[in-house]
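Per-entry structural report
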Amino acid sequence: MSASPIQFIDLGAQQALIRDKIDAAIARVLDHGQYIMGPEVREFEQQLQEFTGASHALGCANGTDALAIVLMAWGVGPGDAVFVPSFTYVASAEVAGMLGATPFFVDVIEETFNIDPASFEQAIEDAKAQGLNPAAVVPVDLFGQPADAPAVQKIADAHGIKVLVDAAQSFGATLHNRRVGNWGHATTTSFFPAKPLGCYGDGGAIFTNDADLAKVMDSIRLHGKGREKYDNVRIGMNSRLDTIQAAILKEKLAIFPAELEARDRVAARYTDALEGIARTPKLIDGATSAWAQYTLIVEDRDAVQAKCKEAGVPTMIYYPMALSQQTGYKHYPAVSGGTPVSHSLSGRVLSVPMHPYLEGSVQREITSILGSALSS
Ligand SMILES: *Cc1c(COP(=O)(O)O)cnc(C)c1O
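All residue numbers refer to position in the chain's written sequence, counted from 1. Only residues with pLDDT of at least 70 are given local features in this predicted model, and only at 80 or more are side-chain atom pairs given and counted; all residues enter the totals for whole chains, interfaces and linings. With hydrogens and water set aside, each side-chain value is computed from the structure's full complement of heavy atoms.

Looking at unusual backbone geometry
Residue Tyr319 is reached from Tyr318 by a cis peptide bond, and omega for that bond is 5°. Under the scheme used here, helices are H or I runs from DSSP no shorter than 4 residues and strands are E runs no shorter than 2 residues, and both carry numbers assigned from the N terminus. Mapped onto the elements, Tyr319 comes out in the loop between α9 (301-310) and α10 (340-346). The phi torsion at Phe143 lies on the positive side, around 65°, for a residue other than glycine. In this structure, Phe143 sits in the loop between β4 (133-137) and α6 (149-158). The phi torsion at Asn177 lies on the positive side, around 65°, for a residue other than glycine.

Concerning the pairing of strand β10 (residues 294-297)
Here the term buried applies to any residue with accessible area under 20% of the maximum for its type, exposed to any over 50%, and partly exposed to those in between, with areas from a 1.4 Å probe on protein chains only. The two faces of β10 match: Tyr294 and Leu296 on one face and Thr295 and Ile297 on the other face are all buried. Paired strands, as defined in this entry, are two strands with at least two bridges between them according to DSSP. Here β10 pairs with strand β11 (residues 349-352) via four bridges, running antiparallel. Bridge assignment links Tyr294 to a residue of β11, and that residue is Val352.

Describing the site of the ligand
By convention in these notes, a residue is near a molecule or strand provided one of its non-hydrogen atoms lies within 4 Å of it. Close to the ligand lie 13 residues; Gly63, Thr64, Asp166, Ser190 and Lys195 are nearest. The definition of a polar contact used here is a pair of N or O atoms within 3.5 Å, where within protein one atom must be able to donate a hydrogen and the other to accept one, and adjacent residues in sequence count solely through side-chain atom pairs. At a separation of 2.6 Å, an oxygen atom of the ligand approaches a polar side-chain atom of Ser190. Between the ligand and Lys195 there is a distance of 2.6 Å, counted from an oxygen atom to a side-chain nitrogen or oxygen. Within the complex, 93% of the 380 Å² of free accessible area of the ligand lies under protein. Those elements that place two or more of their residues in the shell around the ligand are α3 (63-73) and α4 (91-98). Of the residues in the shell around the ligand, the class split is four nonpolar, seven polar and two charged. Computed by Shrake-Rupley with a 1.4 Å probe, the accessible areas treat only the displayed protein chains as cover when residues are assessed. When residues are grouped by polarity, Ala, Val, Leu, Ile, Met, Phe, Trp, Tyr, Cys and Pro land in nonpolar, Asp, Glu, Lys and Arg in charged, and all others, Gly among them, in polar.

Structural notes on the domain arrangement of the chain
Note that the domain bounds were set by an automatic or database domain assignment. Splitting the chain by domain gives domain 1 (11-251) and domain 2 (256-375). Using C-alpha coordinates to define each centre, domain 1 is positioned 24 Å away from domain 2. Across the contact, 51 residues belong to domain 1 and 41 residues belong to domain 2. Summing both sides of the interface, domain 1 and domain 2 together bury roughly 3700 Å²; the carbon and sulfur share of this comes to 62%. Buried surface area refers to the total accessible area, computed with a probe of radius 1.4 Å, that the two partners give up upon joining, counted for both partners together. Among the residues of domain 1 in contact with domain 2, Phe105, Glu110 and Phe143 are the three that bury the most area, contributing 19% of the side total. Residue contacts are defined here by distance: any two heavy atoms, one from each residue, within 4.5 Å place the two residues in contact.

Remarks on the nonpolar core
As used in this record, nonpolar core signifies buried Ala, Val, Leu, Ile, Met, Phe, Trp, Tyr and Cys residues forming a set joined through side-chain atoms within 4.5 Å. One finds Trp74, Phe87, Tyr270 and Leu370 to be the most contacted residues of the largest nonpolar core, which totals 64 residues. Two domains each put at least three residues into this core: domain 1 (11-251) and domain 2 (256-375). Contacts of Tyr270, omitting those with residues within four sequence positions, involve Glu275, Tyr294, Val352, Pro353, Met354, Leu358, Gln363, Ile366 and Thr367. Ala127, Val165, Cys199 and Ala290 belong to the second-largest nonpolar core, a separate cluster that totals 45 residues.

Focus on the packing of aromatic side chains
Ring geometry is summarised as follows: Phe, Tyr and Trp rings, the Trp one being its six-membered ring, pair when their centres sit within 6.5 Å, and such pairs are stacked at plane angles under 30 degrees, edge-to-face over 60 and tilted between the two. For the coordinates displayed, the defined rule picks out 18 aromatic pairs. Where Phe8 meets Tyr318, the ring centres are 6.4 Å apart and the plane angle is 55°; that geometry is what we call tilted. Residue Phe8 is located in the segment before α1 (11-32), and its partner Tyr318 is located in the loop between α9 and α10; the two are separated by 310 residues in the primary sequence. Residue Phe8 is classed as buried on the basis of its relative accessible area, which comes to 12%. An angle of 40° between the planes, with centres 6.2 Å apart, marks the rings of Tyr89 and Tyr319 as tilted. In this pair, Tyr89 sits in the loop between β2 (80-85) and α4 while Tyr319 sits in the loop between α9 and α10, placing the two residues 230 residues apart along the sequence. Aromatic ring contacts, followed pair by pair, group Phe8, Phe87, Tyr89, Phe113, Phe143, Tyr318 and Tyr319 into a single cluster. Two conditions define a charge sitting above a ring: the NZ of Lys or the CZ of Arg must be within 6 Å of the ring centre, and it must be within 35 degrees of the ring normal. For the cation-ring pair, Arg178 lies above Trp183, with the distance from its terminal atom to the ring centre recorded as 4.6 Å.

Some remarks on the sheet that holds strand β3 (residues 102-106)
Read across the open sheet, the seven strands follow the order β1-β9-β8-β5-β4-β2-β3; overall the sheet is mixed. Only two strands of the sheet have a single partner each, and these edge strands are β1 (56-60) and β3. Across the sheet, the axes of successive neighbouring strands diverge by a mean angle of 30°, strand direction being ignored. Only the stretch in contact is used when a helix axis is fitted, and all axes are lines through C-alpha atoms; the angle between N-to-C directions ranges over 0 to 180 degrees. Against the sheet, helix α7 (residues 211-220) contacts β1, β8 (186-190) and β9 (204-208), and its axis sits at roughly 15° relative to β1.

Structure follows, in structure tokens:
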């Protein structure tokens with residue numbers, strides 16, 4: 001056994017590395033006192049643009065608001081269908097329901113955990129047959145790998161449907177050498193502490209290459225502000241990124257490229273050790289992952305998880321229920337034939353410790369315990 005308990009995500013190791021810089025960055029905010037929309041917010045947004053290559057990056061309060069702001073900018077509301085994979089975190093669908101639109105569940109591909117374009121295409125016809133207007137689709141980059149955005153976009157374009165990429169788990173990943181943030185009509189991410197790029201509280205961002213959309217979203221995140229300070233021109237919300245969080249994120253973004261490389265190395269070591277023993281994650285052609293999670297498919301999942309726990313290896317289940325099975329969501333429509341892959345995955349997925357500071361020796365311990373749990 002290692003000296004200290006194995007962490008599922010070790011935020012402490014990262015903090016130890018840059019603690020001085022973070023302390024200094026927070027101190028600078030305390031000194032200038034511009035806690036709301038201070039200079040660090042704009043500086044961080046500029047860095048986000050440079051990092052992603054997207055022409056507009058807007059900070060906001062969290063990844064859920066980010067999704068809502070985009071849908072609000074498009075005027076999505078009652079009578080509209082918003083297509084969402086059934087196998088995702090609740091926020092991806094919640095925002096559609098919140099705006100009075102109808103989350104419409106589609107299935108995912110077992111190998112990638114991401115939206116199945118064929119299921120999406122079928123769901124468009126199903127929604128129309130139910131009298132709904134197919135308004136938007138939310139491909140989610142689950143566990144850090146980009147969804148097949150070009151395939152989704154092609155279908156969406158043929159029907160005039162807007163594409164909102166939920167990249168809360170994939171910030172930093174690439175598809176065909178383009179960073180996440182450039183796919184779809186808009187992309188959102190989250191800086192929740194446990195995401196690949198996390199702050200020390202809540203935070204989020206929206207990316208787009210559409211200047212008009214960016215302008216509307218900038219207004220929505222600030223109560224629907226217009227050009228005159230007290231002439232608000234639309235219904236918006238209060239969704240600003242805190243200056244202190246932006247200051248922290250600037251320091252974390254500086255080491256993020258190295259962390260992405262480290263995540264790749266950790267994932268490769270897992271795949272080497274576990275391929276053939278369990279179903280390991282597969283990336284689509286042209287994709288890199290931000291490895292928010294390293295998720296196995298395990299048939300005897302609950303027994304394997306119990307054995308890992310006993311041996312001191314923390315594991316998590318993302319997600320134990322598909323959205324279309326959950327109490328607050330099961331009355332919403334789903335693609336004809338339902339979402340059987342999502343339901344099946346929820347009973348078989350197992351995520352193992354994943355963070356950039358996972359040492360080879362600890363990882364060997366994890367894979368050896370996993371190996372014996374899987375084979376017994
Ligand atoms: C975390 C997450 C969100 C929401 O982000 P918050 O910042 O917690 O609001 C949305 N979608 C997915 C897929 C997520 O993992």
